[in-house]
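Summary of the model geometry
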Amino acid sequence: MKLYNESDHGTPAKKATSEVKLSVDGRVVSVPAGTSVMRAAAIAGIGVPKLCATESLEAFGSCRMCLVEIEGRNGTPASCTTPAAEGMVVHTQNERLKKLRRGVMELYISDHPLDCLTCSANGDCELQDMAGAVGLREVRYGYDGENHLKAKKDESNPYFTFDPSKCIVCSRCVRACDETQGTLALTIQGRGFGSTVSASQNQSFLESECVSCGACIKACPTATLMEKSVIDIGLPEHSVITTCAYCGVGCTFKAEMRGEEVVRMVPFDDGKANQGHSCVKGRFAWGYTTHKERVLKPMIRAKVTDPWQEVSWERAITHAASEIRRLQEAHGRGAVGGITSSRCTNEETFLVQKLVRAAFGNNNVDTCARVCHSPTGYGLKTTFGTSAGTQDFESVEHADVIMVIGANPTDGHPVFASRMKRRLRAGAKLIVIDPRRIDLVRTPHVEASHHLALQPGTNVAVLTGLAHVIVSEGLANEAFIRERCDFDEYLQWAEFVKRPEYSPEAVEKVSGVPAETLRGAARLYASGGNGAIYYGLGVTEHSQGSTAVMAIANLAMATGNLGRPGVGVNPLRGQNNVQGSCDMGSFPHELVGYRHVSDAAVRAIFDKAWGVKVDPEPGLRISNMIDSALEGSFKGIYIQGEDILQSDPNTKHIAAGLGAMECVIVHDLFLNETASYAHVFLPGSTFLEKDGTFTNAERRIQLVRKVMTPRNGYADWEITQLLSNALGYPMHYAHPSEIMDEIARTTPTFTGVSFDKLDRLGSIQWPCNDRAPEGTPVMHVGSFVRGKGRFVLTEFVPTDEKTGPRFPLLLTTGRILTQYNVGAQTRRTANEVWHPEDRLEIHPFDAEERGVKDGDWVKLASRSGETTLRAQVTDRVAPGVVYTTFHHPSTQANVVTSEYADWATSCPEYKVTAVQVSPTREPAEWQTQYARMSADQRKLAEPSK
Amino acid sequence: MSASAAYDEKLVYMANQIARNFSIHGEEKAVASTLDHIRMFWDPRMRARILDHLRAGGVGLEPTTRRALELLSLAATE
C-alpha cells in the first residue's frame, strides 16, 4: 500500500482543437493551444518550481518562483501565466533563474517560522519542498524586523486550523474558494506586507460564510490551513481510493490512513463525479464511524419493553431466522418482508432483495427510495423507458439554460452545485422553481433570470403552464418530436396543454407565479440554447410527484433537450446509493434492472440463477407493510440501514405499525429511532469497513473499498448472508465482486460490469454491455430506451391536503448542508456546531401576525400531530409558507407531515402539509412522551455497552 | 373508526386517487389504466381486501374506480 499523490502540472489542462510544439530544456513537447509553459514543461517531465500555482486553479502569477527564460523574449516571465507557443524555446534552469528563485525563496522564509520538525506539514509542505528545490542554504535576513510570526491562530472551525504565521499569501485558498467552491468567502485583506487571508469581513472561520468544503485546505501549500486530525495524529502513510457515503453526487475520496486509523479524507482529483472537490460532510464528517454510541455487539429481546441482551452473532442470527420462520408458519409466507438501504452498497441491497425473494419467498421488499425518488422511476420509465437521469454531471458544462426545480443543490448536492455555479458564472442562464428563495437564486456572481416561487403543491400546474407557453408560442422543436417521439401522442398533448386552464394567467391564480415570470421562463428554456433540467424531492414528494416528473420529461422532449451533452432531465438523488438501490431490484414490483415481477421470461432468469420460483405478484410497499401490520397480516420485518420511524411520514402511524409487529430486526450502526421498536439488533458496518459499489445520480458505479476491519465483526453483506444461511437458503459469496458478477449475469444493463473493470476504468455509467462496453455517459442518444418518447397528459389535480382556518399555512420540509437526512451520522460529528436543532422558517408577516419573534419557541401543529421548535423569521419563505428540516429526532418533523402520497408510487407528500404556528413555552405532548421513551430505550441497551 | 374500517377507507382513497389521475385520458382508458396499475403495483392481499369492500357495497368508490375493480373482480374469479 502506498500514499497516493496525484500529479500536479501547475495549471489546468486546456481543451483545444490545435496543438503547439515547443522545446523545454531541449525536450520537444506538443500541447493543446492555450496550455501554459509550466504545464508544457511538466508534460515534458520537467518540474518548474512553483508556490502559487496548482493544477486545480487558474494561473495567478504571484509567487515569482516559476520564472523561466524564453529565447527571443525579454525578461523572465512566469511560466504559469505564459501560454506555450509554436516554436518556443524555453529554459527553466540557469544561473540567472537560480539566483532569482533563491532570492524570492529567501524572502518567503524570512517571514516563516522555522519549526519544520514539529510542524504538522513536515514532509507534506510545498514551501519546504521548494526551499530544497531552489537550493536555499541560508537566510540573510533575521527576525528582528516586522513579521507575522506571532499572528494568532484561528481554531474556531471544528475541523481545521488557520495559522497565519505560516501563510505565504499565495492566494491559493482564496482562489479555491472562488473557483472550486464558488462561495467567495475568503479574501486577501490589506496591501503589500500587510496582506493577510481573511474569512468574510475579517471574521473567524466559524462565523464567516465559509462552508467548510475543505478546498482551501487542499490548495494550501503550507501548514497554514491544516486538518486538525493531521495535527492530532500526524501525516498518513498510505491511502485507499473509495467513494463517499453521503449524498447522491458520489464523490471519490482518498482515505488517507495511518494503520487502520483514518487521518483524513481528501477528495480525489481523478474522481469523475467530484473532480477533486468535496463538501463538509464527505471531507470531515466521518467521525461517526468510531462514535461511542455505535453498537458493536448483536442484541435480542423478547419484548420492546425488555432490556436488550447482548448475544453472540450466531445466537442473534439463529434467533432472527427462527422468528421469521415462526411468523411465516403461523401467518403465511407473506407475513414478513424487508427494507433495503440506499446507504448500503449495490451488492448489499441486491442481497437483501434476494433474501426476501428467495429465502422469505415473497416480494415484500422496499427501499428508502420509496419516500424520495420512486416517482422518478415511474415517470422516467413511462416517458423515456428507463428509470434514471439522462446525463453525466460533466454535461452541465455544456448547458446554456439551467432549470432547477424543487432542489437545493448548494445544501443537498454541494459538490455538484459548485460545478453548476461555475457554469452559471461563465454565462449560463438560471431558472429556479421553488417556494423558497434557495441560495442559488442569488449567490456571488450568480443570479437567477427567473425565480418561480410557486405555492407548494402546484408543480404540475406550473410545469404544464410552461408547456402551454412553449406550444402556444410555437417554440416546440417539431423536427425533434417528429423524429424521436410518438407524434400522435404529441399532438394530443399539445392540444391538452393549450387549454385555457394552463394559460399563464390561470396558472398564476393557482400557483402565485406571475404570468409574465412564467412566460419568461418558458421562453428562455425553449429558446436559450441547451436547456438542462435538474430536480429534486421538491418535485417527487407530492401527491402528483410522478405526474410532475412526466411533465418535466414532456418539456424536455417538446424542446428537443435530450440525447446530447448540455441538456437532459437530471434527478438529483438524495442518498449516496438511491440510484443503486433502485437498480438492484429493491422495489416490490421489480426485479433487478427495473423488470416487472409479472414478466415470466425475467422471472425465469432468476428462477434458474437462484433455484427458487420467484413470486409473480408484487409485494408490499413500506407504507403497505405498516398498514398491513396494523391490519394484522404483516408480522415481521428486516430493516437494513433505514430509520423509518424518523424518516417516514406520520410518525405516530409508523410507531403503531412497528409496535404491532412481533419481530422487528434492525440492522444499523446505531440504536436509531426505529430500534426502539426492535426485537433484534444487528450491528452494521460503515462504508470504511467494506468492499462494494455505490451508484450515484449520474448512473455512475464506483468502488467502495475497505480501509479498516469492521468494528462490528462483519460487513453488512456478510450479515445478510448469515441470515439467509440460517433460514435454510444457502449463500456462499466470498467477496462482493462475486455478487456483482451475479448481477451482471442476470441484468442486461449491467452485463459488462465487474470489479476488475471498475478498478481499471475508475467508474462505469450503466448501461454497460456489449453495445456500450465502457458505459453510457448520456442516455437516449439517437433514440429513447422505449423507442419513441412518450408524451403524457399531465392534468393538475390539487392535493387533498387543504389549508383552512385551523391550519392556514403550508409546511414544506428539506435538508441543510451540514446535516444528512435523519442525522444518524452527521449528528454524531462536529457538524452539530452548525445545525444543532431543526428550526422553523417563517415569513416576517406570518410571524408578526402570531406574535412570534426570531428564536422564539413555537408549536407547529397539523391534522397529524404537533411538535415544537424554534422560529427563524426570514423572508426566504413566502408569506403563507413555513419550512423546516427533519434532521433531529427531538423535533420529529414527521409527526406533523400527513399520509397523503403520490398516486402512482405512494411517495409521501412531505412537501405540502397544512399547519398552524403559535407561540409556546413547552414541548408538545408527543415530544415529552417520545423523549421519555427514547431515553428508556437507550437505558435498556446500557448493560450491553 | 376501527382500524379495519380505516384501512378500507385508505385503500378506497388510493384507488380513487389512481383513477382520478388517469381520468384525463377519458373514461374507458382511465378504467383500463386503473385496473392495470392496481394489478401491477398492489400486493394480492390489498387487491383482495378492496374487492371484499367492493362486494360489500363499495362505499366511497368513484364510478371509474368501481368499474376498474369490477373488471379486477371478474379476472380474479376467472
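The structure presented is a predicted model; accordingly, all values stated were derived computationally and were not measured. (Residues numbered from 1 in each chain as written. Chains lettered and ligands numbered in written order. Predicted model: local features only at pLDDT ≥ 70, side-chain atom pairs only at ≥ 80, totals over all residues. Heavy atoms only, no water.)

1. Details of the environment of Lys-381 of chain A
Residue and element names in this part refer to chain A. The line we're drawing: Segments assigned H or I by DSSP are reported as helices when at least four residues long, segments assigned E as strands when at least two residues long, and all are numbered from the N terminus. Between buried and exposed lies partly exposed: a residue is buried under 20% and exposed over 50% of the maximum accessible area for its type, with that area taken using a 1.4 Å probe on protein chains only. We call two residues in contact when some of their heavy atoms are within 4.5 Å.
Mapping Lys-381 onto the fold places it in helix α10 (residues 374–383). The class of Lys-381 is partly exposed, set by a relative accessible area of 31%. Each C-alpha atom, one on Lys-381 and one on Val-785, is 8.9 Å from the other, the two residues being 404 residues apart in sequence. Apart from residues lying up to four places away in sequence, Lys-381 is in contact with Thr-376, Thr-386, Ser-387, Glu-590, Tyr-594 and Arg-786.

2. Considering helix α2 (residues 27–41) of chain B
What counts here: By definition here, a helix of n residues has an expected span of 1.5 Å times n minus one.
With 15 residues, α2 of chain B ought to run about 21 Å at 1.5 Å a step, and its terminal C-alpha atoms sit 21 Å apart, in line with that. Residues Ala-30, Val-31, Ser-33, Thr-34, Leu-35, His-37, Ile-38 and Phe-41 of chain B constitute the buried set of α2 of chain B. For α2 of chain B, the elements touching its buried residues are α10 of chain A together with α1 (3–22), α3 (44–55) and α4 (63–77) of chain B.

3. Let's talk about the nonpolar core
All names here are of chain A. Heads up, the rule is: Buried Ala, Val, Leu, Ile, Met, Phe, Trp, Tyr and Cys residues form a nonpolar core when they are joined through side-chain atoms within 4.5 Å. Domain ranges listed in this record stem from an automatic or a database domain assignment.
Ranked by size, the top nonpolar core spans 68 residues in total, and within it Leu-225, Ile-402, Met-420 and Leu-430 carry the most contacts. Considering each element in turn, this core owes the most residues, four residues, to helix α12 (residues 414–425). Three or more residues apiece are contributed to this core by two domains, here domain 2 (299–372 + 577–765) and domain 3 (374–571). Look past the residues within four positions of Met-420 in its chain and what remains in contact with it is Val-396, Ile-402, Val-404, Leu-440 and Tyr-534. Core analysis: the next-biggest nonpolar cluster, separate from the first, contains 60 residues, Ile-300, Val-612, Ile-665 and Leu-703 among them.

4. Structural notes on the interface of chain B and chain A
For interface size, the figure often reported is the accessible area lost on association. Just so we agree on the cut-off: Put simply, buried area is the surface a 1.4 Å probe can reach on two separate parts but cannot reach once they are joined, added for both. Throughout this description, the term salt bridge denotes a Lys or Arg side-chain nitrogen within 4 Å of a carboxyl oxygen of Asp or Glu. Any pair of N or O atoms that falls within 3.5 Å is considered a polar contact. Within protein, one atom must be able to donate a hydrogen and the other to accept it, and sequence-neighbouring residues count only if both atoms are side-chain atoms. Lys, Arg, Asp and Glu make up the charged group, whereas Ala, Val, Leu, Ile, Met, Phe, Trp, Tyr, Cys and Pro make up the nonpolar group; the residues left over, Gly among them, are polar.
Between chain B and chain A, the contact holds 23 residues from the first and 35 residues from the second. Across the chain B to chain A interface the summed buried area is about 2,400 Å²; carbon plus sulfur atoms make up 53%. Contact with chain A buries area across many residues of chain B, yet Ile-24, Phe-41 and Arg-45 of chain B alone supply 26% of it, more than any other trio. For the pair chain B and chain A, the interface holds five salt bridges. Across the contact surface, chain B and chain A share 13 residue pairs in polar contact (both at pLDDT 80 or more). Looking at the side of chain B that touches chain A, the elements that each hand over two or more residues are α1, α2 and α3 of chain B. With nine residues, the top contributor of residues to the side of chain B that touches chain A is α1 of chain B. Here the side of chain B that touches chain A is built from residues that sort into eleven nonpolar, five polar and seven charged.

5. Some thoughts on the sheet that holds strand β28 (residues 692–695) of chain A
Adjacent strands of a sheet form backbone hydrogen bonds with each other and so pair up, either parallel or antiparallel. Residue and element names in this part refer to chain A. As a reminder of what qualifies: One requirement defines pairing of two strands: DSSP has to find at least two bridges between them. Convention adopted: a line fitted to C-alpha atoms gives each axis, helices being fitted over their contacting stretch, and angles between N-to-C directions are expressed from 0 to 180 degrees.
Here three strands make up an open sheet; going across it, the order is β28-β29-β30 and the pairing antiparallel. Looking along the sheet, the strands with just one partner apiece sit at the ends: β28 and β30 (763–765). Along the sheet, successive strands turn relative to each other by an average axial angle of 30°, direction set aside. Where β28 lies against strand β29 (residues 700–704), four bridges are found, and the strand directions are antiparallel. Among the inter-strand pairings, Gly-692 is bridged to a residue of β29, identified as Val-704.

6. Overview of the packing of helix α13 (residues 459–472) of chain A against helix α16 (residues 504–511) of chain A
Residue and element names in this part refer to chain A. Operational definition: Angle categories: roughly parallel below 35 degrees, roughly antiparallel above 145, roughly perpendicular from 65 to 115, and oblique for all the rest. Note on convention: near helix rotated counterclockwise from far helix by under a right angle means a left-handed crossing. Clockwise means right-handed.
Running from N to C, α13 and α16 point in directions that differ by 170°, and their axes come no closer than 9 Å. Judged on the interaxial angle alone, α16 and α13 are roughly antiparallel. The two elements α13 and α16 meet at a crossing, and its hand is left-handed. For the pair α13 and α16, contact is made by Ala-461, Val-462, Gly-465, His-468 and Val-469 and by Pro-504, Val-507, Val-510 and Ser-511, respectively. Here the contact of α13 with α16 is composed, by residue class, of six nonpolar, three polar and no charged.

7. What to know about the domain arrangement of chain A
Residues and elements named next belong to chain A. In terms of domains, chain A is made up of domain 1 (19–133), domain 2 (299–372 + 577–765), domain 3 (374–571) and domain 4 (809–940). Here the C-alpha centroids of domain 2 and domain 3 sit 34 Å apart. Facing 14 residues of domain 2, the contacting portion of domain 3 comprises 14 residues. Interface area for domain 2 against domain 3, summed over the two sides, is near 1,100 Å², with a carbon-plus-sulfur share of 44%. Between Lys-381 and Glu-590 there is a salt bridge whose closest N-O contact spans 3.4 Å. Here domain 2 is connected to domain 3 by nine residue pairs in polar contact (both at pLDDT 80 or more). Classifying every residue of the side of domain 2 that touches domain 3 by side-chain character gives six nonpolar, three polar and five charged.

8. Observations concerning the side chain of Arg-700 of chain A
Residues and elements named next belong to chain A. Residue placement: Arg-700 occurs in strand β29. Classification of Arg-700 as buried rests on a relative accessible area of 7%. A polar contact is formed between the side chain of Arg-700 and the side chain of Glu-698, at a distance of 2.6 Å. Beyond its immediate sequence surroundings of up to four residues, Arg-700 is in contact with Lys-272, Ala-273, Asp-392, Phe-694, Thr-695, Ser-763, Ile-764 and Gln-765.

9. Digging into the pattern of salt bridges
Residue and element names in this part refer to chain A. For the coordinates displayed, the defined rule picks out 62 salt bridges over all chains. Across the pair Asp-269 and Lys-218 runs a salt bridge, and its minimum N-O distance is 2.4 Å. Here Asp-269, found in the loop between β11 (261–267) and α7 (280–284), pairs with Lys-218, found in helix α5 (residues 215–219); they are 51 residues apart in sequence, far enough to count as distant. Between Asp-439 and Arg-876 there is a salt bridge, and its shortest N-O distance comes to 2.9 Å. Of this pair, Asp-439 sits in the loop between β17 (429–433) and β18 (442–443) while Arg-876 sits in the loop between β34 (866–873) and β35 (881–885); the two residues are 437 residues apart in sequence, bridging distant segments of the chain. A relative accessible area of 23% places Arg-876 in the partly exposed class. Several salt bridges share partner residues, and in doing so they unite Glu-6, Asp-124, Glu-227, Lys-254, Glu-256, Arg-264 and Arg-283 into one network.

10. Re the environment of Leu-537 of chain A
Residue and element names in this part refer to chain A. By the secondary structure assignment, Leu-537 is in helix α18 (residues 537–540). The exposure class of Leu-537 is partly exposed, given its relative accessible area of 23%. Between the C-alpha atoms of Leu-537 and Ala-151, which are 386 residues apart in sequence, the distance is 46 Å. For Leu-537, the residues in contact, after removing those within four places along its chain, are Cys-372, His-373, Gly-406 and Lys-911.

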